[in-house]
Structures are given as C-alpha cells and as structure tokens.
Amino acid sequence: MKEPIVTIERNGQIAAAACTVHDKGGFDPSALNPTIVPLYDLVGAYPLRLEEVPRLTYQSAIEFLARETSQGMPSPEKKHQELAGFLYGYEYQGVFNGCILVKRDDPVTRRRFSVAHELGHYILHFQPMLEVRERKHPEQALVLSEGLIYADDSETETEAVEPSGQLMLISGTGSSARETLRARRMEREANLFAAELLMPRSACQLLARRYEKLTKAGRQFDTRRSVLAMRLASEFLVSQEAMRVRLIELGLLKRGPHVTD
Ligand SMILES: [Zn+2]
C-alpha cells in the first residue's frame with residue numbers, strides 16, 4: 001500500500017488552521033513572553049463541549065453522550081477499547097456541533113494533546129465534510145465520531161506523539177452506512193495540527209533562542225538536546241517527547257539520541 005504523506009502545501013494549510021484557532025481564541029503566539037496555550041479558551045470559541053471522563057472507552061463515551069446530550073449512536077465492535085480521546089460531531093442548522101471527551105486519568109500533557117488532536121479533526125476533517133455534504137446531499141444528516149486509541153506500547157512516551165484514532169462516518173440514521181475514512185492521513189494531520197496549536201512555531205523559535213543566549217552568557221541553562229526539550233516541554237505543558245519531535249521538525253534540534261547529547 002502506498003505510504004500516505006502530508007504534503008508541504010497541506011502542512012501550510014494545517015499551520016494556517018492552527019493560527020486561525022489562536023486568533024479566534026484571542027491568543028498571540030508571537031508575544032514577547034509566550035504563555036502556555038490556553039487550550040480550553042481556544043476550544044470554547046467553537047460549538048464544542050469539552051469534558052474529562054474517567055476510564056474512557058467507546059462504551060462510556062456513548063453512555064455519556066446519551067445521558068448528557070441525548071445523542072444516540074451505534075455501539076462499535078470494540079466497545080470496551082480504552083480511549084485517550086473521543087470526538088463526536090453532529091450537524092444542527094448548518095453548524096457542526098460536537099463534543100470532545102478525554103480520559104481524566106491521563107497526565108495533563110497527554111490530555112492536552114488529545115484535546116488538540118480532536119480539535120484538529122473537527123476543523124480539518126469534520127467541517128469540510130459538512131460543507132461538501134450540504135452542497136451535494138442537503139437532505140442527509142451527518143454524524144461523525146472518532147475514538148483516539150492508545151498505541152500498543154503505551155508504556156513508552158512515543159505513543160503520546162503519534163496517537164492514532166479510528167474515524168467513523170454515520171450518514172443518515174442507519175449504522176449500515178458507516179464507512180472507515182482515510183484514517184491514516186487524517187491521523188497524521190490531526191497530530192500535526194496539535195503540534196502547531198500547542199507548540200507555536202514563533203514561540204518555539206523565540207524560547208529556543210532565549211535559552212541559547214543564556215547558555216552563551218554562562219547562565220544556568222545548557223542546550224543539550226535533552227535539556228532544551230525538557231525546558232520547553234515545561235513552558236508549553238506538553239510531553240518531552242512531543243516537544244523533542246516539534247523542535248526537530250522546526251530545525252531547532254538535531255535528530256539523534258535524546259537522552260544524552
Ligand atoms: Zn484521530
């Protein structure tokens with residue numbers, strides 16, 4: 001099977017989408033003193049409800065939706081599959097309303113990444129599908145959901161960077177009409193969006209330069225790659241592994257072993 005790739009042009013679109021979300025939520029990533037991205041404020045600019053649910057599974061997500069929003073959806077095969085995040089979107093009067101659920105038991109850095117990943121699906125994938133559907137099949141209701149599952153090696157930090165979900169489209173009311181979407185590409189795009197949102201390029205560049213200056217001035221910081229990723233992970237409230245990947249992507253760190261320099 002051909003390896004799906006995220007093109008440079010598409011990368012630019014995803015970065016622009018993250019910028020739009022920053023703007024809409026009143027966050028300035030190029031401020032002189034960047035702060036932790038106020039994720040809940042950003043999500044609040046969209047018709048999305050955000051909740052943390054203990055022991056999140058497909059089953060508990062569906063029960064939550066039924067109880068809190070009266071939304072019903074068919075139960076998937078693996079209903080006891082543990083989930084890091086869950087996104088449910090439904091159309092109401094031309095607007096894609098939705099609900100993002102994240103697992104309450106996860107560390108805060110993981111929960112933030114899960115929320116940002118699901119917001120990425122909402123903006124990059126769900127909203128455009130709604131527009132297409134409205135043009136072509138205005139009579140059909142559109143309901144979409146995604147469950148973000150853990151990688152097999154959930155003990156490692158790597159899975160926090162490249163989590164993968166299962167997108168499901170339910171058109172009309174029958175569960176027979178579901179189809180699995182172009183999942184792998186969309187997962188990569190949602191992860192890229194989360195990185196752009198939580199670790200804005202301009203803020204990463206500014207802080208990396210600042211630490212470099214402090215090092216050269218003989219102050220307490222050093223820029224061994226492990227230390228730089230650790231420092232900036234604290235500044236952005238993300239996992240060290242997610243930070244390391246982002247710094248490499250931005251050319252601020254060299255690829256290599258990340259425990260020692
Ligand atoms: Zn996903």
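Before going into details, it helps to say that this report is about the structure given with it. Computed from a predicted structure; not experimentally measured. (Residues numbered from 1 in each chain as written. Predicted model: local features only at pLDDT ≥ 70, side-chain atom pairs only at ≥ 80, totals over all residues. Heavy atoms only, no water.)

### Let's talk about the pattern of salt bridges
Using the criterion set out here, one finds 10 salt bridges in the structure. Salt-bridge contacts for Arg49 lead to Glu51; the nearest nitrogen and oxygen are separated by 2.9 Å. Among the residues examined, Arg49 registers a relative accessible area of 29% and is labelled partly exposed. Between Lys103 and Glu82 there is a salt bridge whose closest N-O contact spans 2.5 Å. Pair noted here: Lys103 is in strand S3 (residues 95-103) and Glu82 is in the loop between helix H3 (58-69) and strand S2 (83-92), with a separation of 21 residues, a long-range link. In the salt-bridge network here, residues are joined through shared partners; they are Arg49, Glu51, Arg67 and Glu68. (Salt bridge = Lys/Arg side-chain N within 4 Å of Asp/Glu carboxyl O. Buried < 20%, exposed > 50% of the residue type's maximum accessible area, 1.4 Å probe, protein only. Helix = DSSP H or I, 4+ residues; strand = E, 2+ residues; numbered from the N terminus.)

### Here's the deal with helix H5 (residues 183-198)
In a regular helix each residue adds 1.5 Å, so 16 residues correspond to 22 Å; H5 covers 22 Å between its end C-alpha atoms and thus fits that length. Counting buried positions along H5 gives 13 out of 16 residues, so the element sits mostly inside the fold. (Expected span 1.5 Å × (residues − 1).)

### A short note on the pairing of S2
The buried count for S2 comes to seven of 10 residues, which makes it a mostly enclosed element. Pairing geometry for S2 and strand S4 (residues 142-149), over seven bridges, is antiparallel. Each residue of the ladder has a partner; that of Gly85, found in S4, is Leu148. Here eight bridges tie S2 to S3, and the two strands are oriented antiparallel to one another. (Pairing = 2+ DSSP bridges.)

### Some words on the environment of Leu119
Looking at the element boundaries, Leu119 is found in helix H4 (residues 108-136). C-alpha of Leu119 to C-alpha of Phe193: the two residues are 74 residues apart in sequence and 8.5 Å apart in space. Here Leu119 is in contact with Val21, Val43, Tyr46, Leu48, Ile100, Phe193 and Leu197, once residues within four sequence places are set aside. (Contact = heavy atoms within 4.5 Å.)

### Quick word on helix H8 (residues 240-249)
Counting buried positions along H8 gives seven out of 10 residues, so the element sits mostly inside the fold. Residues of H8 that are buried: Glu241, Ala242, Met243, Arg244, Arg246, Leu247 and Ile248. Looking one or two residues past H8, Gly251 carries a phi angle of roughly 75°, positive in sign.

### Here's the deal with the coordination of the zinc ion
Each protein donor to the zinc ion is listed here as His117 (NE2), His121 (NE2), Glu146 (OE), Glu187 (OE) and Glu187 (OE); together their distances run 1.8 to 2.5 Å. Spacing between the donor residues of the zinc ion along their common chain follows H-x3-H-x24-E-x40-E. Of this pair, His121 sits in helix H4 while Glu146 sits in strand S4, and the two are 25 residues apart along the sequence. Like Glu146, His121 is buried. (Donors = N, O, S within 2.8 Å, 3.2 Å for Na, K, Ca; no water.)

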